Structure formats: structure tokens, C-alpha cells
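What follows is the residue order along each chain.
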Amino acid sequence: MYVNNNNNFFHGIMFHHFHDHGIHTKGQGSIDKDDFYKMINFIGRNNILDADVFFEKFKNNKLKNNQVCLTFDDAIKCQIDIALPILEELKIKSFFFVYTSIFQGKPDNLEFFRYFRINYFKNVDEFYDSFYEFLDKDLKSFFEKNNKKIQQTKIKFPHYSISDIKFRLVRDVFLTKVQYEDIMFLMFKDKKFNHNDFSKKLLFQKNDLKTLDNLGHLIGLHSHNHPTLLEKLTHDEQKSEYENCLSSVSEILDKPKNEIKCMSHPCGSYNADTLKILKELGIELGFKQIMTIEPEKGMKKVNNSFLEIARQDHADIFKRMN
Ligand SMILES: [Zn+2]
């Protein structure tokens with residue numbers, strides 16, 4: 001039985017990818033339908049609250065330490081295809097945090113990159129090797145310089161391997177987004193992968209958002225473009241990320257903006273500006289994606305503020321089940 005990580009605090013459970021025998025290929029951290037059932041059992045169905053109940057109780061300070069909610073990030077179609085039927089069957093209403101550039105035909109390439117990595121390479125290490133070949137830079141001193149950061153990240157995100165962490169550092173710190181994507185597109189070309197063919201299969205369409213809303217799930221913000229390090233953006237850039245996201249969601253759901261009250265931080269990245277902006281936009285509940293305190297961010301407790309509620313990555317729970 002899941003005992004809330006021996007921590008005494010309520011939190012969210014964070015899900016991203018699901019796989020089946022069709023288009024949604026098995027990849028790092030993905031689970032299938034049966035795993036999802038088992039995980040819900042392991043967490044304990046009675047500990048899982050509907051999103052709207054979690055939200056109301058949270059606002060009224062009524063959440064108990066054993067209580068959790070399920071959250072789904074990134075508007076990924078496998079959640080609709082695989083997780084949603086189970087949520088409906090078990091009558092669990094959940095949070096769906098979506099970034100909105102996908103609804104304007106300008107998705108972040110994240111899902112395409114993932115699909116490519118999983119389907120065009122034998123394993124993730126073969127992908128990393130190929131990536132570093134295309135990059136063709138000596139990274140030795142970069143990794144040495146960042147050694148402490150790598151170790152710290154491993155503690156923060158235990159389900160990442162060291163090579164995952166190193167790759168993410170190269171992607172997010174060593175390279176600019178444009179440089180990173182240019183390399184990926186070269187790799188696409190090399191393997192004759194045409195990502196535009198996959199948009200509808202891999203990502204939410206507007207109708208998916210409406211369906212979720214009609215079924216009583218809660219839709220929340222997750223920025224417009226899903227930057228990997230939002231905290232590095234200026235105040236105004238961050239503001240437009242969340243304003244655009246809020247406008248899009250409100251328009252698609254045909255709901256006033258003030259009815260959208262929750263969010264999760266993309267890649268867990270935020271700073272003081274972000275929290276101020278979200279507060280001004282009327283957001284009343286925000287999730288981070290770790291279960292620990294970050295003293296360097298001035299945190300005193302795990303659920304540090306109403307915009308910094310902890311979430312457990314489903315991969316960490318999965319590990320504990322097996
Ligand atoms: Zn995300």
C-alpha cells in the first residue's frame with residue numbers, strides 16, 4: 001500500500017505517458033492500462049479525490065494528509081486514448097494541465113522528439129550516442145563543471161538516469177532551444193521521419209479538451225509554449241505565456257477566464273515572478289513536480305504555497321510497486 005512516501009502531506013500524482021499496442025509506443029516512464037489499474041489500487045482508491053473535491057477541500061484547508069489527486073500534464077493524446085476510459089470507469093475526475101500552442105497548430109516539438117527517440121532507436125542510449133555524434137562537441141569540461149548539479153538533480157528526480165540528466169543539461173543549458181531543435185531536425189531527416197504526420201495522433205485536439213471538461217475533469221494552465229526553463233524568461237515573457245494559455249483555454253471551453261483556477265508548472269520551473277503573475281491571473285491552486293523542499297528557493301515546507309503543491313511522479317510510485 002502506498003503510504004504517501006512516509007511524508008505527511010497531501011499532494012498530486014503526476015502522469016504523462018501511457019502506452020498500448022498501437023500508435024502509443026512504450027517508452028521511458030510510460031505505463032499501460034493494466035499498470036494504471038494496479039497503480040490506482042496501490043495508491044488506494046479511497047485516497048484519491050476528484051479534482052473538484054480536492055480543489056474545494058484545499059481552499060477550505062480540509063485536505064487530509066493521505067489524500068491525493070491525479071494530474072495529467074502536456075495534453076498528450078495517449079491520456080485520452082488509454083487513461084481516460086479507466087478514469088471514467090472508476091469515476092475518478094482528474095486535473096489536466098495543458099499547454100496551448102498545440103491548439104494553434106504550433107505544438108512544441110517535445111512529443112515528436114519523444115516519439116522519434118522511442119521508435120527510431122533501439123534504446124535511449126543509442127539515441128543519446130547518435131545525438132552527441134550530430135552535435136559533435138567536446139562536452140567533457142561542461143559535464144565536469146556541472147557535476148554537482150547532476151548529482152543534485154539525481155536526488156530531486158530519482159527516476160532519471162545519469163545519462164538522462166546529462167542529456168537534459170546539454171539540451172537546456174549547453175544549447176539554445178533553436179540549436180537543440182536544429183540537431184533534432186537533422187536527425188529526423190537522416191532517418192526520414194516526417195513529424196507533421198503525427199500531430200493528430202500524439203496530441204490533444206480542441207475537442208479532447210471539451211470532452212474532458214464536459215465529463216467533469218478540471219482543465220488547468222501549463223503555459224502556452226511549454227518552455228523547459230520558464231524561470232529563465234523575463235517577467236513579461238512569463239506573463240504572456242500564462243495569459244495566452246488562459247485565453248486559449250477559456251476560448252476553447254467557452255468559459256469565462258475566472259472559472260479556470262488551477263495550473264501546473266511546466267518542467268517544474270518557476271520563480272517569484274511566475275507566482276506573482278499566476279496570482280494576478282486568479283489562479284488558486286498550482287502544482288510543482290517534486291516531493292521535496294528546495295531551500296535554495298526559500299522553501300520552508302513541501303507544500304510551500306498554494307502555487308507550490310507537491311506532486312509525485314507516477315514513475316516513482318511504479319518503482320515502489322515492483
Ligand atoms: Zn509539461
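Residues numbered from 1 in each chain as written. Predicted model: local features only at pLDDT ≥ 70, side-chain atom pairs only at ≥ 80, totals over all residues. Heavy atoms only, no water.

Trainee: Any chance you could explain a negative patch on the surface here in plain terms?
Mentor: Side chains of Asp-125, Asp-129, Glu-133 and Asp-136 sit close together on the surface and give a patch of like negative charge. Residue position: Asp-125 is located in helix H5 (residues 124–135). (Patch = residues over 30% accessible without salt bridge, like charges linked within 9 Å, V, L, I, M, F, W, Y side chains within 5 Å. Areas by Shrake-Rupley, 256 points an atom, 1.4 Å probe, with all protein chains shown as cover. Salt bridge = Lys/Arg side-chain N within 4 Å of Asp/Glu carboxyl O. Lys, Arg positive; Asp, Glu negative; His and termini not counted. Charge placed at Lys NZ, Arg CZ, Asp CG, Glu CD. Helix = DSSP H or I, 4+ residues; strand = E, 2+ residues; numbered from the N terminus.)

Trainee: What is the right way to read the coordination of the zinc ion from this model?
Mentor: Note on metal sites: the ideal angle is 109.5 degrees for four tetrahedral donors, and 90 or 180 degrees for six octahedral donors. Every protein donor of the zinc ion is listed here as Asp-74 (OD), His-222 (NE2) and His-226 (NE2), and their distances to the metal cover 2.0 to 2.2 Å. Here the donor residues of the zinc ion share one chain and are spaced in sequence as D-x147-H-x3-H. You can call His-226 buried: its relative accessible area is 3%. (Donors = N, O, S within 2.8 Å, 3.2 Å for Na, K, Ca; no water. Buried < 20%, exposed > 50% of the residue type's maximum accessible area, 1.4 Å probe, protein only.)

Trainee: When you look at the domain arrangement of the chain in this model, what are you seeing that I'm missing?
Mentor: Assigned domains of the chain: these are domain 1 (4–108 + 203–321) and domain 2 (121–192). Here domain 1 and domain 2 have C-alpha centroids that lie 26 Å from each other. Tallying the contact residues gives 13 residues for domain 1 and 10 residues for domain 2. Buried area between domain 1 and domain 2, both sides added, is near 890 Å², and the carbon and sulfur share of it is 47%. (Domains from an automatic or database assignment. Contact = heavy atoms within 4.5 Å. Buried area = accessible area lost by both parts, 1.4 Å probe.)

Trainee: Can you walk me through the nonpolar core in this structure?
Mentor: Grouped burial of nonpolar side chains is what soluble globular proteins tend to show. Core analysis: the largest hydrophobic core is formed by 80 residues, its most contacted members being Phe-36, Phe-131 and Phe-204. Counting residues per element, this core draws most heavily on helix H3 (residues 77–90), at 7 residues. Viewed by domain, this core spans two of them, domain 1 (4–108 + 203–321) and domain 2 (121–192), each represented by three or more residues. Apart from the residues lying within four places of it in its own chain, the contact partners of Phe-131 are Phe-167, Val-170, Leu-175, Tyr-180, Ile-183, Met-184 and Met-187. (Core = buried A, V, L, I, M, F, W, Y, C linked by side-chain atoms within 4.5 Å.)

Trainee: Help me understand the packing of aromatic side chains, please; the structure alone is not making it clear to me.
Mentor: Given two aromatic rings, their pairing is described by the distance between the two centres and the angle made by the two planes. If you walk through the whole model with that rule in mind, you get 40 aromatic pairs. Seen in terms of ring centroids, Phe-10 and Phe-58 are 6.0 Å apart; in terms of plane orientation they differ by 75°. Their pairing is edge-to-face. In this pair, Phe-10 sits in the segment before strand S1 (11–15) while Phe-58 sits in helix H2 (residues 51–59), placing the two residues 48 residues apart along the sequence. Take Phe-10 and Phe-58: they sit in the same class, and that class is buried. (Phe/Tyr/Trp six-rings, centres within 6.5 Å; stacked < 30°, edge-to-face > 60°.)

Trainee: Quick question: what am I supposed to make of the pattern of salt bridges here?
Mentor: Across all of its chains, the model carries 13 salt bridges by this definition. Two residues, Asp-73 and Arg-311, come together in a salt bridge whose shortest N-O distance is 2.9 Å. Residue Asp-73 is located in strand S2 (residues 68–73), and its partner Arg-311 is located in strand S7 (residues 311–313); the two are separated by 238 residues in the primary sequence. We note that Asp-73, like Arg-311, is buried.

Trainee: In this structure, what is going on with helix H4 (residues 110–119)? I would like to understand it.
Mentor: Residues three or four positions apart in an α-helix share a direction because the helix packs 3.6 residues into each turn. Of all 10 residues that make up H4, 8 are buried, and the element is covered over most of its length. Restricting attention to buried positions, one finds in H4 the residues Glu-111, Phe-112, Phe-113, Arg-114, Tyr-115, Phe-116, Arg-117 and Ile-118.

Trainee: Got a minute to help me understand the pairing of S2 in this structure?
Mentor: A regular strand places its side chains on the two faces of the sheet in alternate fashion. Among the 6 residues of S2, 6 are classified as buried, and the element is accordingly described as predominantly covered. Alternating residues of S2 divide into Val-68, Leu-70 and Phe-72 and Cys-69, Thr-71 and Asp-73, and every residue in both groups is buried. Bridge analysis of S1 against S2 gives 5 bridges, and the strand direction is parallel. From the neighbouring strand, Met-14 faces S2, where its bridge partner is Thr-71. (Pairing = 2+ DSSP bridges.)

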